[in-house]
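If you want the building blocks of each chain, they are given just below.
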Amino acid sequence: MEVKLAKSAGFCFGVKRAVETVYEQIEKQKASDKKLPIFTYGPIIHNEQVVKDLEEKGVRVLNGRKELEAVREGIVVIRSHGIGKEICQLIEEKGLVCVDATCPFVKRIHNIVEQESTKGKQILIIGNAGHPEVEGIKGWCAVPAIVVESEEDIKKLKEDTGKEVCIVSQTTFNYNKFQYLVEILKKSGYNGSVVNTICNATEERQTEAREIASEADVMIVIGGAHSSNTRKLYEICSKECAQTCFIQSLADLELELSESVRLVGITAGASTPNNIIREVQSYVRNEF
Ligand code: F3S
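Residues numbered from 1 in each chain as written. Predicted model: local features only at pLDDT ≥ 70, side-chain atom pairs only at ≥ 80, totals over all residues. Heavy atoms only, no water.

A. Expanded view of the overall build of the protein chain. Counting its regular elements, the protein chain contains eleven helices and twelve strands. The C-alpha radius of gyration of the protein chain comes to 21 Å, within 12% of the 19 Å expected for a compact globule of 288 residues. Burial statistics for the protein chain: of 288 residues in total, 51% are counted as buried. Residue pairs at least 24 apart in sequence account for 72% of intrachain contacts in the protein chain once pairs closer than 6 positions are excluded. Counting every atom, the protein chain has about 14500 Å² of accessible surface; 47% of that belongs to carbon and sulfur. Looking at the protein chain, you have 37 positive and 42 negative side-chain charges, and the mean spots of the two groups are 4 Å apart. (Helix = DSSP H or I, 4+ residues; strand = E, 2+ residues; numbered from the N terminus. Rg over C-alpha atoms; globule rule 2.2 N^0.38 Å. Buried < 20%, exposed > 50% of the residue type's maximum accessible area, 1.4 Å probe, protein only. Contact = heavy atoms within 4.5 Å. Areas by Shrake-Rupley, 256 points an atom, 1.4 Å probe, with all protein chains shown as cover. Lys, Arg positive; Asp, Glu negative; His and termini not counted. Charge placed at Lys NZ, Arg CZ, Asp CG, Glu CD.)

Okay, here's the thing in structure tokens:
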């Protein structure tokens, strides 16, 4: 039996950078006289193990604006998802140190929507309403943005089609679905510019997962229960491989492999640390 691990499994560039930023800040503060407390605005990644390890090192998670308002001093690290302009301003007004680890690909979207909405365009975001990245993007629009995730959402739109739009996407959105929804928007009369802001890391990971799952008898998708990019990987793999399982770590894996199983595929979401992936990989290799 062969075990095939996706090359693109695990931390993407932006997540790796954000996590490393927090660990760097811990070291810096250890060495400094001030020893400022360190906070992250929201969990730095969708991975309980990493968040717990940081907590043990004294890093506190701020869950929303209210908790940020209560902070008197310290360093606030912004995670790769980014935040809205208002939160940036609040950090500044409070005199806190802002260490911005927003992924440059997300920052690019902030810049686009800020510029285009200032020019008077209606911003349309294709993504999951309520996802922190989408909330952050909305927070850079000069006028309220519209978020659509499905054909039904587009049907419900009451926006005037005469207004020029600028369509962007959440970085982790499914590329085929994005193209499909753009077509529907155009057919519904919305005209303007379309900027494909889906991150390459996501596209690569989704394409590779689809390829492996189409050959595999069993497919394992590793990632946090709240990670939207992992859930999408699971969706993609399930379509190709009937026996696809979604686990957070090796502890969740309940695998029964019949003799006929020839290939087990493994992939993982952007917030899955390498050690968890390696653990699952060696378990499947050695136990079966
Ligand atoms: Fe950035 Fe892409 Fe990762 S947008 S956070 S490199 S999935």
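B. Here's a closer look at the sheet that holds strand S4 (residues 75-78). Pairing is parallel across the open sheet formed by four strands, whose spatial order is S3-S2-S4-S5. Strands with a single pairing partner mark the edges of an open sheet, and in this sheet they are strand S3 (60-62) and strand S5 (97-100). The mean angle between the axes of side-by-side strands here comes to 30 degrees, regardless of whether they run parallel or antiparallel. Where S4 meets S5, four bridges bridge the pair, whose relative direction is parallel. Opposite Ile-78, over in S5, you have Asp-100 as the bridge partner. (Pairing = 2+ DSSP bridges. Axes fitted to C-alpha atoms, helices over the stretch in contact; angles between N-to-C directions.)

C. Looking closely at the packing of aromatic side chains. The full count for this structure, using the stated rule, is three aromatic pairs. A centroid spacing of 6.1 Å and a plane angle of 85 degrees characterise the contact between Tyr-283 and Phe-288, whose relative ring orientation is edge-to-face. With relative accessibility at 29%, the residue Tyr-283 sits in the partly exposed group. Overall, Phe-288 belongs to the partly exposed group, its relative accessible area being 37%. (Phe/Tyr/Trp six-rings, centres within 6.5 Å; stacked < 30°, edge-to-face > 60°.)

D. Quick look at the nonpolar core. The biggest cluster of nonpolar side chains holds 28 residues, and the ones touching the most others in it are Ile-220, Ile-222, Val-280 and Val-284. Among the secondary structure elements, those contributing two or more residues to this core are helix H9 (200-215), strand S10 (218-222), helix H10 (228-240), strand S12 (263-268) and helix H11 (274-287). Looking at which element gives the most residues to this core, the answer is S10, with five residues. Each residue touching Ile-222, except ones within four places of it in the same chain, is listed here: Thr-230, Ile-247, Gln-248, Ile-266, Thr-267, Ala-268, Gly-269, Thr-272, Ile-276, Ile-277 and Val-280. (Core = buried A, V, L, I, M, F, W, Y, C linked by side-chain atoms within 4.5 Å.)

E. View of the site of the ligand. For the ligand, the full set of nearby residues is Cys-12, Gly-14, Val-15, Ser-80, Cys-103, Phe-105, Thr-171, Cys-199 and Thr-202. Of the residues assigned to the shell around the ligand, the class counts are five nonpolar, four polar and no charged. (Near = heavy atom within 4 Å. Nonpolar A, V, L, I, M, F, W, Y, C, P; charged D, E, K, R; others polar.)

F. Expanded view of the environment of Lys-30. Residue placement: Lys-30 occurs in helix H1 (residues 13-31). Given the relative accessible area of 54%, Lys-30 is considered exposed. The spacing of Lys-30 and Ala-242 is 212 residues in sequence and 50 Å in space, taken between C-alpha atoms.

G. Structural view of unusual backbone geometry. The phi dihedral of Lys-35 is positive, around 45 degrees, even though this residue is not glycine. Assignment of secondary structure puts Lys-35 in the loop between H1 and strand S2 (38-41).

H. Highlighting the state of the cysteines. Counting across every chain of the model gives zero disulfides. Distance from the sulfur of Cys-245, which forms no disulfide, to the nearest cysteine sulfur (Cys-241) is 8.5 Å. (Disulfide = S-S within 2.5 Å.)

I. Inspection of the sheet that holds strand S6 (residues 122-126) at higher detail. As summarised here, the arrangement of the four strands in space is S7-S6-S8-S9, forming an open sheet in which the pairing is parallel. Since the sheet does not close on itself, it has two edges, and those belong to strand S7 (146-148) and strand S9 (192-194), each with one partner. Here the strands of the sheet are splayed against their neighbours by 20 degrees on average, with no regard to which way each runs. Pairing of S6 with strand S8 (residues 165-169) involves five bridges; the strand directions are parallel. Paired with Ile-125 across the strands is Val-168, a residue of S8. Its contacts with the sheet put helix H5 (residues 104-118) on S6, S8 and S9, and the angle it makes with S8 is roughly 170 degrees.

J. Looking closely at the pairing of S8. Of all five residues in S8, five are buried; the element is thus mostly enclosed. Burial along S8 is two-sided: Val-165, Ile-167 and Ser-169 and Cys-166 and Val-168, pointing in opposite directions, are all buried. Pairing geometry for S8 and S9, over three bridges, is parallel. Paired with Ile-167 across the strands is Val-194, a residue of S9. Taking the sense of rotation as the criterion, the β-α-β connection linking S8, helix H8 (residues 175-187) and S9 turns out right-handed. (Right-handed = clockwise from strand over helix to strand, strands pointing away.)

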